[in-house]
Amino acid sequence: MIIPGNISSLTLLTGVIVIICVLTQAGTAIPDQSILSNPSPIQQISPPTVSPGVSGAVLQSSALPIAVQSVEVSTEYAPDRLIVRYNPDRPRAESSMMSIQSATNTQAGTSVVKDLSDAGIPGMQVVQVTTNTLDAAMEAYKNSPDVLYVEPDYKISLSPIEKTGKVADVDTMSINSAAYPNDPGYQYLWGLHNTGQAPFYGMADADIDAPEAWGITTGSPNVVVAVVDTGVDYNHPDLAANIWQNSGEIINGVDDDGNGYIDDVRGWNFVSKNNDPMDDNGHGTHCAGTIAAVGNNGIGVTGTAWNVKIMPLKFLNAQGSGYVSDAISAILYANRKGVAVISNSWSGTGYTQSLKDAIDASSAVVVCAAGNSGANSDIAPQYPAAFTSSNILSVAATDYNDKLASFSNYGPNSVDLAAPGVSIYSTSKSGTYQYLSGTSMATPHVSGVAALIKSQNPSMSATQIRSRIFSSVDTISSLSGKVGSGGRLNAAKALGGSTPTPTPTPTNTPYPTVTPTKTPTPTPTYTPYPTPTPTVSPTPKPGSDLSAAFYAAPTYGRAPLRVQFIDQSYGNPNRWTWSFGDGGFSYQKNPYHTYLKKGTFSVRLTVNRGGQASTVYKQRLITVI
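Numbering of residues starts from 1 in each chain and follows the order in which that chain's sequence is written. In view of the model being predicted, local features appear only for residues whose pLDDT reaches at least 70, and side-chain atom pairs are presented and counted only at 80 or more, with totals across whole chains, interfaces and linings using the full set of residues. Values reported for side chains reflect all heavy atoms of the structure, with hydrogen atoms and water molecules removed beforehand.

Draft legend 1. Highlighting the overall build of the protein. From N to C terminus, the protein includes 10 helices and 25 strands. Throughout this description, buried means an accessible area under 20% of the type-specific maximum (1.4 Å probe, protein chains only), exposed means over 50%, and partly exposed covers the range between. Per-residue burial over the protein gives 61% buried out of 625 residues. Across the protein, every contact between residues at least 6 apart in sequence was considered, and the portion connecting residues at least 24 apart equals 73%. We count a stretch as a helix when DSSP gives it H or I for four or more residues in a row; a strand needs E for two or more, and each element gets its number in order from the N terminus. The contact criterion used throughout is that any non-hydrogen atoms of two residues lie within 4.5 Å.

Pasting the structure below:
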């Protein structure tokens with residue numbers, strides 16, 4: 001699966017420089033320019049040239065811009081912070097271990113910023129260098145017989161070019177076939193279902209056979225996928241209903257579930273150290289949409305596993321920069337919550353033992369982007385994709401002709417399989433949609449399929465799911481000798497589905513007009529009393545009796561508060577009547593309503609179909625301060 005390495009746990013890992021270049025602004029994605037301006041066949045995207053910072057290896061994202069530009073790094077690691085791991089296997093009492101750690105830290109001139117022992121890695125600490133130089137502190141740890149290793153807290157950054165990218169308005173699109181989800185942007189998701197449609201004009205069936213997989217399952221809300229990235233726009237109309245809610249936490253300023261994070265009702269922001277994992281970059285939201293954008297809701301796009309939940313874990317800032325210590329904390333957070341899948345659309349050449357330890361401690365399938373250098377990762381491995389961890393799936397990118405993308409890394413020993421990663425259309429920040437390319441875009445396709453398998457087989461382990469995906473690919477000649485499996489992801493086969501039945505080719509329609517828009521970057525702010533956990537509506541059951549259900553977001557905020565209401569009723573209603581509790585009404589299916597006055601408001605939805613009616617009433621749902 002991955003390049004084996006003989007790196008001793010006692011080795012001082014000082015030669016690694018970590019820079020992660022991310023998709024839109026972080027990850028393994030490239031804003032797709034050509035498809036937005038020209039409906040003719042899209043050209044493959046060339047990767048940017050990666051220039052090392054000062055010395056050492058480079059850790060880069062797996063999302064590439066179409067325009068080529070070098071990665072620029074101002075600082076390779078935090079100048080005053082280290083990651084140290086004490087040897088937990090040496091026999092000693094807990095009090096003795098704490099005493100040794102305290103004495104060693106004092107000698108090194110450091111103080112503990114975060115102890116990760118209780119989070120899942122015994123003996124690991126993030127420390128601040130306070131009364132010493134960084135080099136002297138590292139030397140002190142190196143000389144201690146109780147220390148397994150010490151590493152700088154390497155910086156993860158993305159190329160400035162990845163800040164760009166155009167936005168498409170899906171309201172101008174139309175769907176041609178009722179046989180598929182009614183999301184208007186679905187016909188542009190060639191990676192899910194490729195008929196050779198415009199504007200790609202690719203090879204029919206060069207896709208993951210998503211419609212055939214959906215005949216088996218569209219995912220379970222009990223399955224959670226952690227997106228470790230730039231955050232997620234949890235208010236996006238196509239994602240809000242599928243954002244994970246922490247049932248063990250309420251908004252009260254207390255760490256109710258005892259995991260070390262206060263009021264973490266929907267994930268965590270490891271950059272700002274608060275409970276608002278809003279995406280101020282766009283990359284994480286794009287990945288989340290490919291995994292689990294709400295399907296068949298009449299808006300936007302659909303995810304690979306459109307009924308599973310997304311856990312937003314933000315460790316990269318608006319500029320696409322972050323640190324390994326925060327990536328570790330994000331993975332450990334997901335581990336502790338027992339998520340089924342962890343999606344990582346970032347990669348680089350820097351080996352860091354602390355990050356590998358965090359992945360090894362996980363019971364999840366850890367899906368990682370192979371990287372965008374267009375290089376052989378067997379020779380120049382990319383991490384975390386090339387770690388030897390048994391739960392990792394390393395993902396290359398293919399285009400709509402089933403060819404390995406020109407920018408994609410490859411390697412039969414270090415890369416497992418490929419998935420669609422060129423001109424991928426998905427959700428973006430501020431409620432928008434965007435085309436992007438990169439192994440960052442391929443990775444969430446695999447994460448979504450892993451979630452589908454877990455939904456179908458809840459008892460399956462991470463290694464079993466990994467094996468199922470690896471062994472069920474479509475064998476592709478262009479991938480022979482390039483990836484370990486020799487093939488491209490197939491969702492239907494992974495679920496045990498039969499040979500796909502030919503489907504009618506949709507009529508090609510002119511490519512929609514897309515207008516570049518500049519959306520102000522939202523600034524995440526810490527709110528002591530953010531959105532309370534909304535009531536999750538039941539999963540629709542086709543053919544069942546009419547039953548009203550809905551989701552609202554946000555449900556808490558300052559006036560004027562604009563709230564999106566999303567109908568989740570089942571039984572195919574054809575009429576909706578909303579009462580918003582402040583005298584306002586609507587007859588739209590998925591309306592917005594702005595609350596202008598302070599107060600607490602109850603919301604009623606009545607749906608009708610023929611002579612049937614059903615009503616749901618949620619008391620004190622909206623709080624405006």
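Draft legend 2. Quick peek at helix α7 (residues 353-360). Of all eight residues making up α7, seven are buried, and the element is well covered by its neighbours. Buried within α7 we find Q353, S354, L355, K356, D357, A358 and I359. On its buried face, α7 sits against β2 (77-86), β4 (124-129), β5 (147-156), α6 (324-337), β11 (365-369) and β12 (392-398).

Draft legend 3. Examining the sheet that holds strand β23 (residues 592-595) more closely. The strand order β18-β20-β23 describes an open sheet built from three strands, whose pairing is antiparallel. Looking at strand neighbours, the two that pair on one side only are β18 (550-553) and β23, the edges of this open sheet. The average undirected angle you get between the axes of adjacent strands in this sheet is 25 degrees. Relative to β23, strand β20 (residues 561-567) runs antiparallel, the two sharing four bridges. Residue pairing across strands places Q564 opposite Y592, the latter belonging to β23. Two strands qualify as a pair provided that DSSP identifies no fewer than 2 bridges between them. To obtain each axis, a line is fitted to C-alpha atoms, and for helices this fit is confined to the stretch in contact; angles are then taken between N-to-C directions over 0 to 180 degrees.

Draft legend 4. Representation of the packing of helix α2 (residues 94-108) against helix α3 (residues 134-142) within the structure. Where α2 contacts α3, the axes come no closer than 8 Å and their chain directions differ by 145 degrees. In the packing of α2 onto α3, the handedness of the crossing is right-handed. For the pair α2 and α3, the contacting residues are T104, N105, Q107 and A108 in the first and A137, A140 and Y141 in the second. Residue classes in the contact of α2 with α3 are distributed as four nonpolar, three polar and no charged. Each crossing gets its handedness from the near helix: less than a right angle anticlockwise from the far helix is left-handed, clockwise is right-handed. Amino acid classes used here: Ala, Val, Leu, Ile, Met, Phe, Trp, Tyr, Cys and Pro are nonpolar; Asp, Glu, Lys and Arg are charged; the rest, including Gly, are polar.

Draft legend 5. Spatial organisation of the packing of aromatic side chains. Here is the rule: rings of Phe, Tyr and Trp (six-membered ring for Trp) pair when centre to centre is within 6.5 Å. Planes less than 30 degrees apart are stacked, more than 60 are edge-to-face, and the remainder are tilted. Throughout the structure, instances matching the rule amount to 23 aromatic pairs. Ring centres of Y261 and Y333 lie 5.2 Å apart, and the angle between their planes is 65 degrees; on these two criteria the pair is classed as edge-to-face. Taken as a pair, Y261 in the loop between β6 (224-229) and β7 (268-269) and Y333 in helix α6 lie far apart in primary sequence, 72 residues in all. The burial state of Y261 is the same as that of Y333; both residues are buried. Judged by centre distance (4.9 Å) and plane angle (35 degrees), the rings of F565 and F580 are tilted. Of this pair, F565 sits in strand β20 while F580 sits in the loop between β21 (575-579) and β22 (585-586), placing them 15 residues apart in sequence. Accessibility assignment for this pair places F565 and F580 in one class, buried. Through pairs of rings, three or more aromatic residues link up here, namely W190, F200, Y400, Y425, Y433 and Y435. Charge-over-ring placement is defined geometrically: NZ (Lys) or CZ (Arg) within 6 Å of the ring centre, and within 35 degrees of the ring normal. We note R562 situated over the ring of Y592; from NZ or CZ to the ring centre the distance is 3.8 Å.

Draft legend 6. Representation of the side chain of Q101. Within the element layout of this structure, Q101 appears in helix α2. If near-sequence neighbours (up to four positions away) are discounted, Q101 is found in contact with Y86, D115, G123 and Q125.

Draft legend 7. Looking closely at the sheet that holds strand β24 (residues 599-609). Read from one edge of the open sheet, five strands run β19-β25-β24-β21-β22, paired in mixed fashion. With one partner strand each, in any of the chains shown, β19 (556-557) and β22 form the two edges of the open sheet. With two bridges connecting them, β19 and strand β25 (residues 612-624) associate as parallel partners. The residue bridging G557 from the neighbouring strand is V624, located in β25.

Draft legend 8. Molecular detail of the pairing of β2. Most of β2 is tucked away, with seven of its 10 residues classed as buried. Here five bridges tie β2 to β4, and the two strands are oriented antiparallel to one another. Bridging across to β4, L82 finds its partner in V127.

Draft legend 9. Quick look at helix α9 (residues 462-471). The set of residues buried in α9 consists of A462, I465, R466 and I469. Viewed end-on, α9 has its buried residues packed into an arc of 100 degrees, placing them on one side of the element. Packed against the buried residues of α9 are β11, β12, β13 (417-420) and α8 (439-456). Throughout, the arc means that of the directions going from the helix axis to the C-beta atoms.

Draft legend 10. Region of the structure containing the nonpolar core. We define the nonpolar core as a collection of buried residues of types Ala, Val, Leu, Ile, Met, Phe, Trp, Tyr and Cys that are connected through side-chain atoms lying within 4.5 Å of one another. One finds I310, L417, V446, V449, I453, I469 and L489 to be the most contacted residues of the largest nonpolar core, which totals 65 residues. Top contributing element to this core by residue count: α8, with eight residues. What V446 contacts, discounting residues up to four positions off in sequence, is V367, L393, V395, L417, A419, I469 and L489. With 43 residues, the next largest nonpolar core counts M124, W244, V324 and W346 among its residues.

Draft legend 11. Structural view of the environment of S579. Topologically, S579 is positioned in strand β21. Given the relative accessible area of 22%, S579 is considered partly exposed. Sequence separation of S579 and S602 is 23 residues, and the distance between their C-alpha atoms is 8.4 Å. Dropping the residues within four chain positions of it, S579 is found in contact with G584, F585, S602, V603 and R604.

Draft legend 12. Quick look at the packing of α6 against α7. At a minimum axis separation of 9 Å, α6 and α7 run at an interaxial angle of 5 degrees. The angle between α6 and α7 places the two elements in the roughly parallel class. Two secondary-structure elements touch here, α6 through V324, I328, I331, L332 and N335 and α7 through S354, L355, A358 and I359. Its residues assigned to classes, the contact of α6 with α7 comprises seven nonpolar, two polar and no charged. Working definition: roughly parallel below 35 degrees, roughly antiparallel above 145 degrees, roughly perpendicular at 65 to 115 degrees, and oblique for all remaining angles.

Draft legend 13. Local environment of the UniProt feature "active site" (unreviewed entry) in the protein. According to UniProt, the positions carrying the feature "active site" (unreviewed entry) are D229, H283 and S440. A maximum C-alpha distance of 10.3 Å places the annotated residues, which cover 212 residues in sequence, within one compact spot. As for its placement among the helices and strands, D229 is situated in strand β6. For S440, a relative accessible area of 0% corresponds to the buried category. UniProt positions are given in the numbering used here, feature names are shortened, and annotations may be inferred rather than shown by experiment.

Draft legend 14. Geometry of unusual backbone geometry. The peptide bond linking A553 to P554 adopts the cis configuration, its omega dihedral lying at -10 degrees. The residue P554 is located in the loop between β18 and β19 in this model. For the peptide bond that leads from A559 to P560, omega is -5 degrees, which places it in the cis range. With respect to the helices and strands, the residue P560 is situated in the loop between β19 and β20. A positive phi angle, close to 55 degrees, is found at D209, a residue other than glycine. For D209, the position within the fold is in the loop between β5 and α4 (210-214). A positive phi angle, near 55 degrees, is found at S423, a position not held by glycine.

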